[in-house]
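Survey of secondary and tertiary structure
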Amino acid sequence: MSGKKAKEKEATISDLLIEERKFEVPDEFRKKANIKDKDIYKKAAANREKFWAGFAEELHWFKKWEKVLDWKPPHARWFVGGKLNVSYNCLDRHITTWRKNKAAIIWEGEPGDQRTLTYRDLYREVNKFANILKKLGVKKGDRVAIYLPMIPELVIAMLACARIGAIHSVVFGGFSAEALRDRINDARARVLITADGGYRRGSIIPLKHDADHALLETPSIQHVIIVKRGDFPLHVKEGRDHWWHYHMEEAESYCEPEEMDSEDILFTLYTSGTTGKPKGIIHTTGGYLTGVYATTNWVFDLKDDDVYWCMADIGWVTGHSYVVYGPLACGATVVMYEGAPDWPDRDRSWQIVEKYGVTIFYTAPTAIRAFMKWGTGWPAKRDLSSLRLLGTVGEPINPEAWMWYHKNIGQERCPIVDTWWQTETGMILITTLPGIDSTKPGFAGRPFPGIEADILTEEGVSIQKGGSYLALTQPWPAMLRGIYGDPERYVQQYWTKWDKKTYFPGDGAKRDKDGYFLLLGRVDDVLNVAGHRLGTMEVESALVDHPVVAEAAVVGIEHEIKGQVIAAFVTVKEGNTPGGELQDELKEHVVRKIGAIARPEKIIFSADLPKTRSGKIMRRLLRDIAESKVLGDTTTLADATTVEKLKKHYEEQES
Ligand code: WTA
């Protein structure tokens, strides 16, 4: 890892910032904003604990905390001694108010089917399903794996786990059977909740069928609960497999919420890092809920009459924090859509906005770039006048895409919040507050009140000018509490770059004179493919697992829509012939090991890989080759001819 990489990235991104433009939020918006006090940044910084406790006080606690923060770097405990239940806060707290019959979830399936669940409906379903889990022997602290499409049952299952104190581990439906198996085994989950299938671009994703492959090697699983989404063929194993709907018919309608300690685990969520093995990020109860509640309220300026739509799949952290827990804790109406944005046509998203009168829309730059490519005709066909705020997350947004979003979706009326955060941070940390800050295309903004961020050099020196490493210098309520089953890796990975008090997110950043942060992308071996996090090592391990592969090096190369795609340089074992067929086979192999999101765009065969004298693969050079750039510095190479040969060979393969 080097500061060089941050500098390289800075150069490319700065090129994109043709001019620094500032957009003022319209007065009309500003006047009605949830938070308009310009001094809030200063006030929060003066007493961070008091600031966060203020949000926590708005939630329901069975027992109040004794201490807001116990910080023994790098271990934090928030709202120490407090007792609460997340499902109680997302449901019971609302059904005793006028929100009882307010829509909690407005759901649309890809084929066009619709369901609306009021807070009362959601409460009833969650209570019933919590009782089913209990009947199957699930207890507080047990792990429950969830492998579902974007259907209301996914939210119900998560909240039911939270109600009884079981730890959920949601696995994105696009992950392969092997990826599911590894996540189940790492967590030693007792129960798997899945579905017969789900719809994506008109096809059926056969989730139970895939899960059956995983289940051949998951000894901890005792029960499988299957949601019947369609009428898709599947195998049911007597005694182990149960239909969701059969059990729901008979389930008791009330389940006492478990009084959870503020620091009890709410969920784990696996994410990619710099090794071959994804890590189970741990989030706990009180701090996490406080963090997502606060940010949903202020960043999205959420009001009771809003119709809020975050396009993210719940399989990712954005879905956990900003489809489920944040908005439901706020009592919002959440739109949920099962399928692809271009099915059956490229205006599906805008059709949904028009149909339900969506007011807040949150998506990723990769989606915005796809919308851009499809053309302005699609959104122009639909009435988008209900929209009042737009958001973006997942990767740096190029100013061109920002401007397109602002003009064609926001119709120059809606502020855009560019939100920087991570699976590990649990909550949005850097953004603009729409009632206070003006926005600048390409810049995420300032640290949220109560959050302290800095830009540090390798040596830990804070710099005002130029690009370097982003650092978080104070604990925050929704921060990760560890890596499941690997406490050592937690410390190593995040808290050893400088000192044990400073968190290293793995991103490069720079800031301007107003203190706005511009994110420069990852500075470690983590890729961001269409907003999805993938480790280069993870993909390399998948490739090397194939019997003919001797060695593999994976790099991310720039892509117009996806931001990055994967290029894999592969050395085959002697006696094997590299060629088009093997390229296809290797791509499929990676899909089988990880999932379609990891399918390499390019496989480049090579007799050798460029390495430093100490044997480290020089990914930077490989990136240059794959992006067909002039080769960078080759002086540290063990054998400088390797890379020239490889470049020539690559150009021949490409032509
Ligand atoms: C990147 C997604 C620039 C960043 C919530 C981070 C961003 C990684 C932004 C986390 C943004 C996320 N601007 N980069 N607004 N938001 N990132 O864990 O590199 O899937 O480290 O969490 O996405 O990805 P993750």
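Model, not experiment: these values are computed from the prediction. (Residues numbered from 1 in each chain as written. Predicted model: local features only at pLDDT ≥ 70, side-chain atom pairs only at ≥ 80, totals over all residues. Heavy atoms only, no water.)

Regular strands place side chains that alternate from one sheet face to the opposite one. The element strand E17 (residues 333-337) is largely enclosed, with a buried count of 5 among its 5 residues. Every second residue of E17 is oriented toward a common face, with Thr333, Val335 and Tyr337 on one face and Val334 and Met336 on the other, all of them buried. Looking at chain direction, strand E4 (residues 103-108) and E17 are connected through 4 bridges and run parallel. Bridge assignment links Trp107 to a residue of E17, and that residue is Met336. Strand direction decides the pairing type here: strand E16 (residues 307-310) and E17, joined by 3 bridges, are parallel. Across the sheet, the residue bridging to Val307 is Thr333, located in E17. What joins E16 to E17 is helix H12 (residues 317-329), and the crossover it makes is right-handed. (Buried < 20%, exposed > 50% of the residue type's maximum accessible area, 1.4 Å probe, protein only. Helix = DSSP H or I, 4+ residues; strand = E, 2+ residues; numbered from the N terminus. Pairing = 2+ DSSP bridges. Right-handed = clockwise from strand over helix to strand, strands pointing away.)

A few words now on the packing of helix H5 (residues 86-95) against helix H7 (residues 152-164). Axis separation between H5 and H7 bottoms out at 7 Å; the angle between their running directions is 115°. Where H5 abuts H7, its residues Val86, Ser87, Tyr88, Cys90, Leu91 and Asp92 lie against Leu159, Ala162 and Arg163. When grouped by side-chain class, the residues that make up the contact of H5 with H7 number 6 nonpolar, 1 polar and 2 charged. (Axes fitted to C-alpha atoms, helices over the stretch in contact; angles between N-to-C directions. Contact = heavy atoms within 4.5 Å. Nonpolar A, V, L, I, M, F, W, Y, C, P; charged D, E, K, R; others polar.)

An order of E23-E24-E26-E27 is seen for the 4 strands of this open sheet, with the pairing classed as antiparallel. Every other strand in the sheet has two partners, leaving strand E23 (453-456) and strand E27 (517-522) as the edge strands with one partner each. Neighbour to neighbour, the strand axes of the sheet diverge by 45° on average, direction disregarded. Pairing geometry for strand E24 (residues 468-472) and strand E26 (residues 507-511), over 2 bridges, is antiparallel.

Glancing now at the site of the ligand. With respect to spatial proximity, 17 residues lie near the ligand, and among them Asp418, Thr419, Thr423, Asp507 and Arg533 are the closest. A distance of 2.8 Å is found between an oxygen atom of the ligand and a side-chain nitrogen or oxygen belonging to Arg533. Isolated, the ligand exposes 530 Å² of accessible area, and the fraction of that covered by the protein chains is 97%. Mapped by element, the contributors of at least two residues to the shell around the ligand are H12, strand E20 (416-419) and E27. Across the shell around the ligand, the residue classes tally to 6 nonpolar, 6 polar and 5 charged. (Near = heavy atom within 4 Å. Polar contact = N/O pair within 3.5 Å; in protein donor to acceptor, adjacent residues only side chain to side chain. Areas by Shrake-Rupley, 256 points an atom, 1.4 Å probe, with all protein chains shown as cover.)

Attention now goes to the packing of helix H8 (residues 177-187) against helix H9 (residues 207-215). The interhelical angle for the contact between H8 and H9, taken along N-to-C directions, is 55°, at an axis separation of 8 Å. Taken together, the axes of H8 and H9 are oblique relative to one another. Helix-helix and strand crossings are classified by hand; for H8 and H9 the assignment is right-handed. Between H8 and H9, the contacting residues are Ala177, Leu180 and Arg181 on the first element and Asp210, Ala211, His213 and Ala214 on the second. Of the residues assigned to the contact of H8 with H9, the class counts are 4 nonpolar, 1 polar and 2 charged. (Parallel < 35°, antiparallel > 145°, perpendicular 65-115°, else oblique. Left-handed = near helix turned anticlockwise from the far one by under 90°.)

With respect to the helices and strands, the residue Ser87 is situated in helix H5. Owing to a relative accessible area of 0%, Ser87 belongs among the buried residues under this scheme.

What follows is about the domain arrangement of the chain. The domain boundaries assigned to the chain delineate domain 1 (27-451) and domain 2 (526-654). Computed from C-alpha coordinates alone, the two centres of domain 1 and domain 2 are separated by 34 Å. The interface is formed by 25 residues belonging to domain 1 together with 22 residues belonging to domain 2. Considering only the surface of domain 1 that becomes buried against domain 2, Glu178, Ser272 and Trp316 emerge as the three largest contributors, covering 26% of it. Scanning the region where domain 1 abuts domain 2 turns up 2 salt bridges. The salt bridge involving Glu424 is made with Arg533; its shortest N-O contact spans 2.9 Å. (Domains from an automatic or database assignment. Buried area = accessible area lost by both parts, 1.4 Å probe. Salt bridge = Lys/Arg side-chain N within 4 Å of Asp/Glu carboxyl O.)

In low-pLDDT segments, the atomic positions of the prediction should not be examined closely. Across the chain, the average pLDDT comes to 94, with 95% of residues at 70 or higher. Mean pLDDT in the chain bottoms out at helix H1 (residues 3-16), which sits at 55, and peaks at H7, which reaches 99. (pLDDT = per-residue confidence, 0-100.)

As a further point, take the sheet that holds strand E6 (residues 143-147). Taking strand neighbours across the sheet as the criterion, the 8 strands line up as E12-E11-E8-E6-E7-E14-E15-E25 in an open arrangement whose pairing is mixed. The sheet is open, and its two edges are formed by strand E12 (241-243) and strand E25 (482-483), each paired on a single side.

Within the secondary structure, Asp608 is located in the loop between strand E32 (602-605) and helix H20 (619-626). Since its relative accessible area comes to 43%, Asp608 is described here as partly exposed. Between the alpha carbons of Asp608 and Asp514 there is a distance of 48 Å; along the sequence they are 94 residues apart.

A word on the pairing of E24. Most of E24 is tucked away, with 5 of its 5 residues classed as buried. Relative to E24, E23 runs antiparallel, the two being bridged by 4 bridges. Within E24, the residue paired with Ala453 across the bridge is Leu472.

Moving on, we come to unusual backbone geometry. With omega at 0°, the peptide bond leading from Pro73 into Pro74 counts as cis. Mapped onto the secondary structure, Pro74 falls in the loop between strand E1 (67-72) and strand E2 (75-80). Cis rather than trans, the peptide bond between Trp343 and Pro344 has omega equal to -5°. Here Pro344 is to be found in the loop between E17 and helix H13 (348-356). Positive phi outside glycine occurs at Ala530, with the angle close to 50°. Topologically, Ala530 is positioned in the loop between strand E28 (526-529) and strand E29 (532-535).

Bringing H5 into the picture now. An α-helix turns once per 3.6 residues; consequently, residues spaced three or four apart project the same way. For H5, the tally of buried residues reaches 9 of 10 residues, placing the bulk of the element in the interior. What H5 keeps buried is the set Val86, Ser87, Asn89, Cys90, Leu91, Asp92, Arg93, His94 and Ile95. Where the residues of H5 are buried, they touch strand E3 (83-84), helix H6 (119-135), H7, strand E14 (265-271), helix H11 (286-299) and H12. Capping the start of H5 is the job of one residue whose side-chain oxygen sits 2.8 Å from the backbone nitrogen of Ser87: Asn85.

Let's shift gears to the state of the cysteines. All chains considered together, the criterion is met by 0 disulfides. For Cys161, which is in no disulfide, the shortest distance to another cysteine sulfur is to Cys255 and amounts to 11 Å. In this model Cys414 remains outside any disulfide bridge; the closest cysteine sulfur is found in Cys310, 16 Å from its own. Looking at Cys414, the relative accessible area reads 2%, which means it is buried. (Disulfide = S-S within 2.5 Å.)

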